[in-house]
Amino acid sequence: MEEKEDNTKINIADPVQDHQETTFSFDFRTEFLQDENKTPFFKPRSRRRRRDTCVIFAFVIIHLVVFLITMAVNDCVHNSHDDCVFKALGRMSFQPLLENPFLGPSASTLDKMGAIRKTLLAEHQTWRLFMCPLLHAGAFHFMINLFCIIFVGIYLEKEFGSIRTGIIYMLSAFSGTLVTAIFVRDSPAVCSSGALFGLLGATLSALARNWKFYTNKVAALLTLFFVAGFNLMLGLLPYMDNYSSIGSLISGFLLGLVLFYTPRLRQLAQKKIGLGEYGVNSSFNWKQKLDRPVLRSASLLVFSLLFVGLLVAVLLGINISHHCRWCSYVDCIPYKRWSCNDLTSSCETMGSDKELTLTCMGDGNFRVFPFTNISQERTQDLCTLICS
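Keep in mind that what you see is a predicted model, and the values were worked out from it rather than measured.

Calculation notes
- Note on numbering: residues in each chain are counted from 1, in written sequence order.
- Per-residue local features of the predicted model are confined to residues with pLDDT of at least 70, and side-chain atom pairs are confined, for both listing and counting, to 80 or more; whole-chain, interface and lining totals are unaffected and use all residues.
- Note that water and hydrogens are dropped before the side-chain values are worked out from all heavy atoms of the structure.
- For the purposes of this entry, the term helix denotes a DSSP run of H or I that reaches at least four residues, the term strand denotes a run of E that reaches at least two, and both are numbered from the N terminus.
- When accessible area is computed with a 1.4 Å probe and restricted to protein chains, residues below 20% of their type maximum are described as buried, those above 50% as exposed, and intermediate ones as partly exposed.
- With axes taken as lines fitted to C-alpha atoms, and helix axes fitted only over the stretch in contact, angles between N-to-C directions fall between 0 and 180 degrees.
- In this scheme, roughly parallel covers angles under 35 degrees and roughly antiparallel covers those over 145, while 65 to 115 is roughly perpendicular and the rest are oblique.
- Here, two residues are considered to be in contact whenever any of their heavy atoms come within 4.5 Å of each other.
- In this classification, Asp, Glu, Lys and Arg are treated as charged, Ala, Val, Leu, Ile, Met, Phe, Trp, Tyr, Cys and Pro as nonpolar, and every other residue, Gly included, as polar.
- Expected span of a helix: the number of residues minus one, times 1.5 Å.
- In this description, strands pair whenever DSSP reports at least two bridges between them.
- In what follows, salt bridge is the name for a side-chain nitrogen of Lys or Arg lying within 4 Å of a carboxyl oxygen of Asp or Glu.
- In this description, a nonpolar core means a group of buried Ala, Val, Leu, Ile, Met, Phe, Trp, Tyr and Cys residues linked to one another through side-chain atoms lying within 4.5 Å.
- When we speak of the arc, we mean the arc of directions from the helix axis to the C-beta atoms.
- UniProt positions are given in the numbering used here, feature names are shortened, and annotations may be inferred rather than shown by experiment.
- Any two rings among Phe, Tyr and Trp, with Trp reduced to its six-membered ring, count as a pair given centres within 6.5 Å; such a pair is stacked if its planes are under 30 degrees apart, edge-to-face if over 60, and tilted if neither.

A. Representation of unusual backbone geometry within the structure. One non-glycine residue with positive phi stands out, namely Asp75, at about 45°. Positionally, Asp75 belongs in the loop between helix 2 (55-74) and helix 3 (76-79). Using a relative accessible area of 12% as the deciding quantity, one classes Asp75 as buried. We note that His124 has phi near 60°; this positive angle belongs to a residue other than glycine. Residue position: His124 is located in the loop between helix 5 (118-121) and helix 6 (128-131).

This is the structure:
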């Protein structure tokens, strides 16, 4: 038998040329992976089940319960003698628009439920700091605020988890309330918009840290600015407060830098484990490990200093509005139906069997009401309307 000649050839690759080709392949594939993994900003990358995104819905339910209790306590039909909007709602009907432009309760009801007012804080009623973030000025405020919270909060909860989103929600809301307490005037202010602005600040920090991994960055920024700007405009009306919104926005941004990691980088790092054979330089991973703790630690330090400073200022009874006259215009537009300055409303009361006459001691305006059985709190509400 004839032996067959073995024509097998063994090729020895040039290690230098092989390394150059490998490095080029890595750069191309890495760029391809990054482009492929880019997603729209408000499209969560993780697919969590509905029960894993329950924190925001829990807060929404709490706000709903508190609002219903507030309207039940208000009892416009009884306390305002049928001078209400949507009387068919009975006990849950709203005060007139001239009294509350948000279709909500009276000022005295907000005071009862925990709204912040300068004179009440001076009496060391610190429990209001915890109730104020749960109160809404009215139905319009309630619907707009919670719609925005659901829109932003559900995205953050799906993207970064329930625990971190819940922590930012509560801490930023309370921080905003502390800011309100050192600027508040002698009129009731509610701070429920603070939680929304805390989530907006955290969303802004998440966008900034993951800027190169999103495709619609400009649209996302415009959306955030529109939501913030629209709610700040509403904050210029009575009872809503812009100080809590601004304070919560800053707090939420700092907390977002602390708690919101970069999920996209973590996902890419897992995919690149098998790319070590392409000659990956490990300095990139070390850079991420060194930069993140520094940024997060610095943000945590700044937030802690601000939080402690605000808390001490509130406990000491400091009110910056005494030293800053223009500060009142941050959350108020002067109008003939209300004032942006502290007013000491005092009225002369004259009653008969069927009528009650209130005369403002400051400007002489008066109004005759076809009833006499009225509470002292409601009398003060009407007096404030006449004098403003």
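What follows continues from the structure just given.
B. Region of interest: the packing of helix 7 (residues 139-160) against helix 8 (residues 162-181). Running from amino to carboxyl end, helix 7 crosses helix 8 at an angle of 140°, the nearest separation of the two axes being 7 Å. Relative to helix 8, the element helix 7 is oriented oblique. Contact residues: helix 7 offers Ile149, Gly153, Leu156, Glu157 and Phe160, while helix 8 offers Ser162, Arg164, Thr165 and Tyr169. Each residue belonging to the contact of helix 7 with helix 8 can be placed in one class, and the counts come to four nonpolar, three polar and two charged.

C. Summary view of helix 9 (residues 193-209). A rise of 1.5 Å per residue sets the reference length of helix 9, with its 17 residues, at 24 Å; its end C-alpha atoms lie 25 Å apart and thus fit the reference within 8%. Among the 17 residues in helix 9, 15 count as buried, and that is most of the element.

D. Examining the pairing of strand 2 (residues 356-360) more closely. Here strand 2 lies mainly inside the structure; five of its five residues are buried. In strand 2, alternate side chains face the same way, and those of Leu356, Leu358 and Cys360 on one face and Thr357 and Thr359 on the other are all buried. One ladder, built from five bridges, connects strand 1 (residues 347-351) with strand 2; its direction is antiparallel. When the bridges of strand 2 are listed, Glu348 appears paired with Thr359. Taken together, strand 1 and the strand that follows it, strand 2, pair antiparallel across an intervening segment of four residues. Here strand 2 pairs with strand 3 (residues 366-369) via four bridges, running antiparallel. Across the sheet, residue Thr357 finds its bridge partner in strand 3, namely Val368. Two successive antiparallel strands, strand 2 and strand 3, enclose a turn made up of five residues, where Gly364 displays a positive phi of approximately 85°.

E. Representation of the pattern of salt bridges in the model. Tallying each qualifying case throughout the model produces five salt bridges. The salt bridge partner of Arg378 is Asp381, with a shortest N-O separation of 3.6 Å. On the criterion of helical spacing, the pair formed by Arg378 and Asp381 is a turn pair, its members being three residues apart in helix 14 (residues 376-387). Each of Glu99, Arg378 and Asp381 takes part in a single network of salt bridges with overlapping partners.

F. Broad picture of the nonpolar core. One finds Leu156, Leu200 and Phe260 to be the most contacted residues of the largest nonpolar core, which totals 60 residues. Mapped by element, the contributors of at least two residues to this core are helix 2, helix 7, helix 8, helix 9, helix 10 (217-234), helix 11 (242-259) and helix 13 (283-315). Sorting elements by how many residues they give to this core places helix 7 first, with 10 residues. With residues up to four places along the chain from it excluded, the contact list for Phe260 reads Leu156, Phe160, Arg164, Thr165, Ile168, Ala202, Ala206, Arg209 and Leu255. Judged by nonpolar contacts, the second largest core, of 12 residues, contains Phe102, Ala107, Met113 and Ala137.

G. Quick look at helix 2. For helix 2, spanning 20 residues, the distance from its first C-alpha to its last is 29 Å, which sits close to the expected 28 Å at 1.5 Å a residue. Taken residue by residue, helix 2 has Val55, Ile56, Phe59, Val60, His63, Val66, Phe67, Thr70, Met71 and Asn74 as its buried positions. Seen from one end, helix 2 has its buried residues packed into an arc of 145°, which puts them on one side. Lining the buried residues of helix 2 we find helix 3, helix 4 (107-113), helix 7, helix 8 and helix 9. One or two steps after helix 2, the chain reaches Asp75, where phi turns positive at roughly 45°.

H. View of the UniProt feature "transmembrane region" (unreviewed entry) in the protein chain. If you check UniProt for "transmembrane region" (unreviewed entry), the listed places come out as residues 53-73, 134-155, 167-184, 190-207, 219-237, 243-262 and 298-318 in our numbering. With 90% helix and 0% strand, the stretch residues 53-73 has end C-alpha atoms that lie 32 Å from each other. In residues 298-318, helix accounts for 86% and strand for 0%; the two terminal C-alpha atoms are 27 Å from one another.

I. How the structure looks around the packing of aromatic side chains. For the structure shown, the criterion picks out 10 aromatic pairs. Between Phe67 and Phe142, the ring centres sit 5.0 Å apart and the planes meet at 15°, which makes this aromatic pair stacked. Of this pair, Phe67 sits in helix 2 while Phe142 sits in helix 7, placing them 75 residues apart in sequence. According to the relative accessible area criterion, Phe142 is buried, its value standing at 12%. Among the aromatic side chains, those forming a connected cluster through ring pairs are Phe130, Phe174, Phe303 and Phe307.

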